[in-house]
Amino acid sequence: MLHTFMEFELDEAQRELRFQGRPVATQGRVFDLIAYLVRTRERVVSRDELMDALWQGNVVSDAAISQVIMLARKALRDEGESQHVIKTVRGRGIRFVAQVESRERKSQPASLAHGGDPRAVPLEVSAPA
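Caption draft 1: Inspection of the pattern of salt bridges at higher detail. Counted according to the given criterion, the structure contains seven salt bridges. With a closest N to O distance of 2.9 Å, glutamate 9 and arginine 18 form a salt bridge. Classification of arginine 18 by relative accessible area gives buried; the value is 13%. Residues glutamate 12 and arginine 39 are paired through a salt bridge, measuring 2.4 Å at the closest nitrogen-oxygen approach. Here the residue glutamate 12 occupies a position in the loop between strand 2 (8–11) and strand 3 (16–19), and arginine 39 occupies one in helix 1 (residues 28–39), the gap between them amounting to 27 residues. Relative accessible area serves as the criterion here: at 44%, arginine 39 is assigned to the partly exposed category. Connected through shared salt-bridge partners, Glu9, Asp11, Glu16 and Arg18 make up one network.

Spelled out as structure tokens, the structure:
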């Protein structure tokens, strides 16, 4: 799935976050948090739910969760005060609030799937009539 919002693209299949077409370095857990929040953007997500989703039920400190949220905001150029991407809902959790457009990722054309070398593209051979 490919999600676009503001000047970002979140490519779940490639596990890549891009800003203006350029990759943004993110730690695995930070990418997972952003992807999870984008997929659940219609509702507030609690810290307990984040713990279950991202840490598979392992107990982690509130500080660890806060750190991942802070790094996600930094990767998304979101400020803790304006919260135009990830909004904190006091006493309930967080929510992804940026406008998102999602679509299935298009597969590569056959000519690109083999490094762009047209000689590497398998030819279709039809049986003689």
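Caption draft 2: Representation of the packing of helix 1 against helix 2 (residues 47–55) within the structure. For the pair helix 1 and helix 2, interaxial distance at closest approach is 10 Å and the crossing angle is 125°. Relative to helix 2, helix 1 is oriented oblique. For the pair helix 1 and helix 2, the sense of crossing is right-handed. In contact with Arg29, Asp32, Leu33 and Tyr36 of helix 1, helix 2 contributes Glu49, Leu50, Ala53, Leu54 and Trp55. In terms of residue class, the contact of helix 1 with helix 2 is built from six nonpolar, no polar and three charged.

Parameters and conventions
- Residues numbered from 1 in each chain as written.
- Predicted model: local features only at pLDDT ≥ 70, side-chain atom pairs only at ≥ 80, totals over all residues.
- Heavy atoms only, no water.
- Salt bridge = Lys/Arg side-chain N within 4 Å of Asp/Glu carboxyl O.
- Buried < 20%, exposed > 50% of the residue type's maximum accessible area, 1.4 Å probe, protein only.
- Helix = DSSP H or I, 4+ residues; strand = E, 2+ residues; numbered from the N terminus.
- Axes fitted to C-alpha atoms, helices over the stretch in contact; angles between N-to-C directions.
- Parallel < 35°, antiparallel > 145°, perpendicular 65-115°, else oblique.
- Left-handed = near helix turned anticlockwise from the far one by under 90°.
- Contact = heavy atoms within 4.5 Å.
- Nonpolar A, V, L, I, M, F, W, Y, C, P; charged D, E, K, R; others polar.

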